[in-house]
Amino acid sequence: MELKEKLLSSFMAFEERVDVHSELHDVRTAAIKNFENKGFPTKKDEAWKYTSLNAILKNDFTVFPKQENAVEFNHVKKYFLHEIDTYKVVFIDGVFSSHLSSTTHEGIDVCLMSSALTKPKYKMVIDTYFNQIANKDESLTSLNTAFAIEGAYINIPKSKVADKPIEIMYFSTGNEAALLVQPRNLVIVGENSHVQIIERHQSLNENPVLTNSVTEIFAQKRAIVDYYKIQNDTLEANLIDNTYVSQQKESHVSVHTFSFGGNLTRNNLNFYHFGERLTSTLNGITIIGEKQHVDHYTLVKHSAPNCESFQDYKGIYADRSTGVFNGKVYVEKDAQKTNAFQKSNNILLSDKATINAKPQLEIFADDVKCSHGCTVGQLDETAMFYMQQRGIPKKEAKALLMYAFSNAVIENIKIPELKQRITKIIATKLGVKLGFDL
Amino acid sequence: MLSIKNLHASIGDKEILKGINLEVKAGEIHAIMGPNGAGKSTLASIIAGNENYEVTEGEISLDGEDLSELAPEERAHKGVFLSFQYPVEIPGVSVTNFMRTAINETRKANGQEEMPANEMLKVIREKSELLEIDRKFLSRSLNEGFSGGEKKRNEIFQMAMLEPKLAILDETDSGLDIDALRIVANGVNKLKSDKNAIVVITHYQRLLDYIVPDFVHVLYNGKIVKSGGKELAHELEEKGYDWIKQEQEA
């Protein structure tokens, strides 16, 4: 049976497990209909021109894992930011692990989507926010909405600073031959509040996994949200990340995406503006090799005056790896005095590696500053010779140049321990030990 | 110290050096002058090991050791230093970190321990004072946004840090105003000893008023066509390179 058919029939099975007389279920039903009409995207869709899901969809994915799987903390400690205290919302094969988690309801809510979706006290919040900013036309988002049942629910009320970073972690054990997981996260950050969130998807063995994740982030007036996505998964792991950000006036939201591994990674990152003088920051570093594929598909929709957006994506591609950067900036007629900047700089380390970079600017306001720049190059040979001339061996010189290249993006990491961790991962990727920190 | 015999080199199909002979002894300063396109910078690059050029004939040795099979960093470890005509900007790497890496890699290659951090700081302070370099300058990204003069001063600062046996200064005077020229020349002269040697490559005689050469060679069309003492530089300044061209073509 094709995966699409399997999913449609799984939905019927799913309906036996959930309350079908709720408003939420109407949302799910509409979503599965949209998925049924549209199906999985193919390369014929403009938005998926450079990324094919065909090979992945041939796997016979399990939609609901048969059993609950346990994981020992010591086995997975290295994936956490264990040097510091954090809130943790941890899932194993899509199921919440209370054992590995550290949630809270004291002043802020860091807990489960399943509770938020079912408990009456959250109903108003869910009615106000759930599936409100997610794109209801997009088929993979719809597929996620149809099966939305579990994920992280984070609600920071007005004028609160989350006292420690929050880690959202999805492990797959590989106990199923092939597993499809569809996490659904909701993040609401109140007026003047601040939160730092780290999200990671990690396979624990080599069985194929497809994660189709949707995250909705709502930043109220003057809220500050720093969101870090660490993608350093196995060669059998596939991730489709759909993140939707809604910003009110004077808020600052930054999403940093570190793509270091996985078979196929697609990041659909969308920002929508609903107030003036706000700032959106989208940063990414991609360092991949072998036959890995990473596709960054971003949208920033400027709808209000005096807002800023900054996009800085850097990529280093080795072997036969492929990268895509498609960055769309849309400036509506009313969004005067917009500052929108976009950069995509790429280095190809092999002549078999590819990058497709496509900036798209659609500007309907007349008093704006918008810029975009894409570069694709090899490592600068003159710079290499210069460094070698000063006694730095080729391998170290190469690594130093690549570090320097990614440095601007690493500099923006506001959690020092995370910055160290990312620096370390990059060093490992480049196969060198540097004698100093950048 | 440096011995070049019948050196021929080309880039692609184009032969640029057509039989260079040059002997430089410890304690000496040599100047290589010549019109644009004569092959001066090519010669400097080849001594430093730039792989873009192919040595088709002849040999280069340092203290009797053949350099031809050595990578640029190996030549650097043996004491070859090239001050670049166009120093490369490396955003994201500070001058200090770059120097620390360069010095420790060189020490490692020569079987020495890494230089302790406090000693490193002390040396950096001394040498930056010699070149009148502001300390704040050292934490900036290497050459990024530096003025022409700052870049050249930074090159000589690196030379001071690395204390090479053989320093080749490629057009170090270009882009320098008179004050910067004086600082750079003063730095070079202080670094000069009877154990090292300096090869100054320049188009103009100006720098040679400050760094006084023992020998002057004129490079034209890939060959050294004239050698002499420092008075040759003055003669060139007076008569211009047309004099050399006419002599050669006659």
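Residues numbered from 1 in each chain as written. Chains lettered and ligands numbered in written order. Predicted model: local features only at pLDDT ≥ 70, side-chain atom pairs only at ≥ 80, totals over all residues.

Within an unreviewed UniProt entry, the label attached to chain B reads Fe-S cluster assembly ATPase SufC, and the organism entered is Flavobacterium psychrolimnae.

Formally: UniProt positions are given in the numbering used here, feature names are shortened, and annotations may be inferred rather than shown by experiment.
Chain A has the name Iron-regulated ABC transporter permease protein SufD in an unreviewed UniProt entry, where Flavobacterium limicola is given as its organism. Quoted verbatim from the Sequence similarities (unreviewed entry) field of UniProt, the annotation for chain A is "Belongs to the iron-sulfur cluster assembly SufBD family."

A short note on the overall build of chain A
What counts is decided by this rule: Helix and strand assignments come from DSSP, with helices taken as H or I runs of at least 4 residues and strands as E runs of at least 2, each series counted from the N terminus. Just to be clear, the radius of gyration here is over C-alpha atoms, and the globule rule we use is 2.2 Å times residues to the power 0.38. Exposure classification rests on a simple neighbour count of other C-beta atoms within 10 Å of a residue's own: a residue reaching 20 or more is buried, one at 12 or fewer is exposed, and one in between is partly exposed. C-beta atoms are placed from the backbone. The contact criterion used here is simple: two residues whose C-beta atoms, placed from the backbone, lie within 7 Å are in contact.
Summing up its helical and strand segments, chain A has 10 helices and 20 strands in all. Its C-alpha atoms give chain A a radius of gyration of 21 Å, within 12% of the compact-globule value 22 Å for 438 residues. Among the 438 residues that make up chain A, the fraction classed as buried is 49%. Considering only contacts within chain A whose residues lie at least 6 apart along the sequence, 82% involve residues at least 24 apart.

Topic: the environment of Ala-177 of chain A
Topologically, Ala-177 of chain A is positioned in the loop between β5 (166-172) and β6 (179-181). In the structure, Ala-177 of chain A is positioned 51 residues away from Tyr-228 of chain A in sequence and 29 Å away in space, judged by C-alpha atoms.

Observations concerning the interface of chain B and chain A
For the record, the criterion: Residues are sorted three ways: Asp, Glu, Lys and Arg are charged, Ala, Val, Leu, Ile, Met, Phe, Trp, Tyr, Cys and Pro are nonpolar, and all the rest, Gly among them, are polar.
Counting residues at the interface gives 22 residues for chain B, matched by 21 residues for chain A. Contributions of two or more residues to the side of chain B that touches chain A are made by α2 (72-77), β7 (90-94) and α3 (95-109) of chain B. Sort the elements by how many residues they give to the side of chain B that touches chain A and α3 of chain B lands first, with seven residues. Looking at the side of chain B that touches chain A residue by residue, the classes come out as 11 nonpolar, eight polar and three charged.

Notes on the sheet that holds strand β9 (residues 166-170) of chain B
All names here are of chain B. Put simply, the test is: Strand pairing requires that DSSP identify at least two bridges connecting the strands. Axis angles are defined between N-to-C directions and span 0 to 180 degrees, where every axis is a line fitted to C-alpha atoms and, for a helix, only to the segment in contact.
Across the sheet, six strands lie side by side as β6-β9-β10-β3-β11-β12; this open sheet has mixed pairing. At either end of the open sheet lies a strand with only one pairing partner, and these are β6 (80-83) and β12 (223-228). Across the sheet, the mean angle separating the axes of adjacent strands is 20° when strand polarity is ignored. Note that strand β11 (residues 215-220) and β12 share five bridges and pair antiparallel. Its bridge partner being in β12, Tyr-220 is matched across the sheet by Lys-223.

What about helix α1 (residues 40-48) of chain B?
Think of an α-helix as turning once every 3.6 residues; residues three or four places apart then point the same way. Residue and element names in this part refer to chain B. Taken across its nine residues, α1 has nine buried, putting it largely inside the fold. Within α1, burial applies to Lys-40, Ser-41, Thr-42, Leu-43, Ala-44, Ser-45, Ile-46, Ile-47 and Ala-48. Among the residues trailing α1, Gly-49 stands out with phi positive, at a value near 100°.

Side note on the UniProt feature "domain: SUF system FeS cluster assembly SufBD N-terminal" (unreviewed entry) in chain A
Residues given the UniProt feature "domain: SUF system FeS cluster assembly SufBD N-terminal" (unreviewed entry) here are residues 3-168 of chain A. In this annotation, residues 3-168 of chain A is assigned 35% helix and 12% strand; the end-to-end C-alpha distance for the span is 27 Å.

Section: the packing of helix α8 (residues 381-389) of chain A against helix α9 (residues 394-410) of chain A
Residues and elements named next belong to chain A. Cut-off, in case you're wondering: With respect to orientation, any angle under 35 degrees is reported as roughly parallel, any angle over 145 as roughly antiparallel, any angle of 65 to 115 as roughly perpendicular, and every other angle as oblique. Throughout, a crossing is termed right-handed when the near helix is turned clockwise from the far one, and left-handed when it is turned anticlockwise from it by less than a right angle.
Where α8 meets α9, the closest approach of the two axes is 9 Å, and the angle between their N-to-C directions is 125°. It follows that α8 is oblique to α9 by the angle criterion. Like other packed secondary-structure pairs, α8 and α9 cross with a definite hand, here right-handed. Across the interface between the two elements, Ala-383, Met-384, Met-387 and Gln-388 of α8 pack against Lys-394, Ala-397, Lys-398, Leu-400 and Leu-401 of α9. Split into classes, the residues belonging to the contact of α8 with α9 amount to six nonpolar, one polar and two charged.

Some details on the UniProt feature "domain: SUF system FeS cluster assembly SufBD core" (unreviewed entry) in chain A
Here, the residues flagged by UniProt with the feature "domain: SUF system FeS cluster assembly SufBD core" (unreviewed entry) are residues 176-405 of chain A. Taken end to end, residues 176-405 of chain A is 9% helix and 60% strand, and its first and last C-alpha atoms sit 40 Å apart.

Quick notes on unusual backbone geometry
Of note, the phi angle at Arg-277 of chain A is positive, near 50°, even though the residue is not glycine. Here Arg-277 of chain A is to be found in the loop between β13 (264-273) and β14 (279-288). Here Asn-221 of chain B, not a glycine, exhibits a phi torsion of approximately 55°, which is positive. In this structure, Asn-221 of chain B sits in the loop between β11 and β12.

Re the UniProt feature "domain: ABC transporter" (unreviewed entry) in chain B
What UniProt calls "domain: ABC transporter" (unreviewed entry) maps, in this numbering, to residues 2-246 of chain B. Counted over residues 2-246 of chain B, helix gives 36% and strand 29%. Its end C-alpha atoms are 31 Å apart.

Points about the nonpolar core
In summary, soluble globular proteins display a tendency toward joint burial of nonpolar side chains. For the record, the criterion: Note on terminology: a nonpolar core is any set of buried Ala, Val, Leu, Ile, Met, Phe, Trp, Tyr and Cys residues joined through C-beta atoms within 7 Å.
Core analysis: the largest hydrophobic core is formed by 187 residues, its most contacted members being Val-189, Ile-217 and Leu-400 of chain A together with Ile-168 and Val-200 of chain B. No other element matches α9 of chain A, which puts nine residues into this core. When near neighbours in sequence (up to four residues on either side) are disregarded, Leu-400 of chain A contacts Met-387 and Ile-392 of chain A together with Val-93 and Thr-101 of chain B.

Looking at the pairing of strand β1 (residues 87-92) of chain A
Both faces of the sheet carry side chains from a regular strand, because those side chains alternate between them. Residues and elements named next belong to chain A. With six of six residues buried, β1 lies mostly within the body of the structure. Residues Tyr-87, Val-89 and Phe-91 of β1 are buried on one face, and the alternating residues Lys-88, Val-90 and Ile-92, pointing to the opposite face, are buried as well. Note: β1 against β5, six bridges, orientation parallel. In the strand pairing of β5, Phe-91 is matched with Tyr-170. Hairpin connection of β1 to strand β2 (residues 95-96): two residues between the antiparallel strands, including Asp-93 at a positive phi of 50°.

Overview of the sheet that holds β2 of chain A
Residues and elements named next belong to chain A. Strand order in the open sheet formed by 10 strands is β2-β1-β5-β8-β10-β12-β14-β16-β18-β20, and the pairing between neighbours is mixed. In this open sheet, the two strands that pair with only one neighbour each are β2 and β20 (369-377). When β1 meets β2, the two strands line up antiparallel, connected through two bridges. Within β2, the residue paired with Ile-92 across the bridge is Val-95. Along the sheet face, α9 touches β14, β16 (308-317) and β18 (339-348) and points at about 155° away from the line of β16.

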